[in-house]
Amino acid sequence: MSRTRSEERSGWLFVLPFTISMMLFFVFAIVRTAYYSFTDFDLFEAPSFVGMSNYTALVSDELFLLALRNTIGFSLIVTTTQTVLALALAVLVNHAVRARGLVRTVFYLPSIMSSAAMTLIFLWLFQRNGFMTAIVSVMLAYRQHILLFLVGMAALHGALVLNARRSYEGVSIFDPFFLLVAAVGALALAVSCALAGLLSVFDNNLPISWLNTQRHFLFMPVTLWSVALMNVFTTVPTLMLLFLAGLQSIPSSLYDAAEVDGANAFQRFRHITVPALRPVTFAVVTMGVIGTLQMFDQVAILGDAAPLASRVTLAYYVYENAFPEGASSRIGMASAAALVLGILTITAVYVQKSLGVKEKGE
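Description of the structure in this document. (Residues numbered from 1 in each chain as written. Predicted model: local features only at pLDDT ≥ 70, side-chain atom pairs only at ≥ 80, totals over all residues. Heavy atoms only, no water.)

Moving on, we get to helix α11 (residues 265-276). The first and last C-alpha atoms of α11 sit 15 Å apart over 12 residues, in line with the 16 Å expected at 1.5 Å per residue. Three or more residues of α11 are buried, namely Arg268, Ile272, Thr273 and Pro275. (Helix = DSSP H or I, 4+ residues; strand = E, 2+ residues; numbered from the N terminus. Expected span 1.5 Å × (residues − 1). Buried < 20%, exposed > 50% of the residue type's maximum accessible area, 1.4 Å probe, protein only.)

Take the environment of Ile30 next. Topologically, Ile30 is positioned in helix α1 (residues 2-36). Residue Ile30 is classed as exposed on the basis of its relative accessible area, which comes to 53%.

At a closest axis distance of 11 Å, the pairing of helix α5 (residues 115-125) and helix α9 (residues 222-248) adopts a crossing angle of 140 degrees. In this view, α5 runs oblique relative to α9, as classed from their interaxial angle. Crossing of α5 over α9 shows right-handed handedness. Listed contacts from α9 to Met118, Thr119 and Phe122 of α5 are Met230, Phe233 and Thr234. For the contact of α5 with α9, the per-class residue count stands at 4 nonpolar, 2 polar and no charged. (Axes fitted to C-alpha atoms, helices over the stretch in contact; angles between N-to-C directions. Parallel < 35°, antiparallel > 145°, perpendicular 65-115°, else oblique. Left-handed = near helix turned anticlockwise from the far one by under 90°. Contact = heavy atoms within 4.5 Å. Nonpolar A, V, L, I, M, F, W, Y, C, P; charged D, E, K, R; others polar.)

So, about a nonpolar patch on the surface. Together, Phe18, Met22, Met23, Leu24, Phe25, Phe26, Val27 and Val31 make up an exposed nonpolar region whose accessible area comes to about 820 Å². Along the chain, Leu24 turns up in helix α1. (Patch = residues over 30% accessible without salt bridge, like charges linked within 9 Å, V, L, I, M, F, W, Y side chains within 5 Å. Areas by Shrake-Rupley, 256 points an atom, 1.4 Å probe, with all protein chains shown as cover. Salt bridge = Lys/Arg side-chain N within 4 Å of Asp/Glu carboxyl O.)

Let us look at unusual backbone geometry. A positive phi is found at Leu43, a non-glycine position, where the angle reads about 80 degrees. In this structure, Leu43 sits in the loop between α1 and α2 (53-60). You can call Leu43 partly exposed: its relative accessible area is 44%.

In structure tokens:
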């Protein structure tokens, strides 16, 4: 009996630091924010109770409604894209036969860089006459070369995989080594045809404004599409590692039994890999939803490089009201918007858990 009580005391002592930090930095902060959302606090004078005025002002503020729409659209696009790409990369790396360590290192490199550094790099890439514009212009000018490269690469890769399967079992169609060899061969083919004068080069002068624009593509500003691309590039490697750990925990006997029963690669992926990865997918989607709804740093670093209306998100809207340039702080408005963001995040995670990917695997 005394040993049981001693273990209970030890357990409470272990969770005590976390409980204190939880009460101090989360519960107290939430209660304090809720209180300020009903006041006109500006950091300098004592707060006065204003009732629901801050929430009424939010609903009538076009910038808040725009930030809400941008945040939801950004979250849907980035969470879906990064989950699919992370799973695809994990499957690709997991089936790598040769140079597996090199492939994993190359794919993981973007995640070790800080978000601020990556944002500054992307700012340079997305200049009006910058690298991304140059890439698009080159792709349009050399579209015949690119088409020949893709067709040649597909043909060479298919031939290499079929030839390898005659000698080895389990060679994946996505083997990175064969993809690399096929890419080199296709590049040599395209260069040879270009030198022989068989391919045409088209003239293009296409300056594209990726950031400093208020144009929309579908339901989101073009600027936020650029930020979404940046966000996906930096988060996919980390999520890929989670999927990779999940893939390596699936018993190979399941795949062997399915193969004996005549299941093809897609059927094995659909009926074994996807159900077994359900807990990992739940974690990845949940982390993605929370991270994208609270996305702030990359938008803040953009600064004056893009119009506010084309890059504002809910988290940045909170910051803009708390610390506006050349004006008094509107802590009441910022607190009301922060509570809306918190409720939106909790609701999105609950809906995802209830209607989306389930937490338990099969």
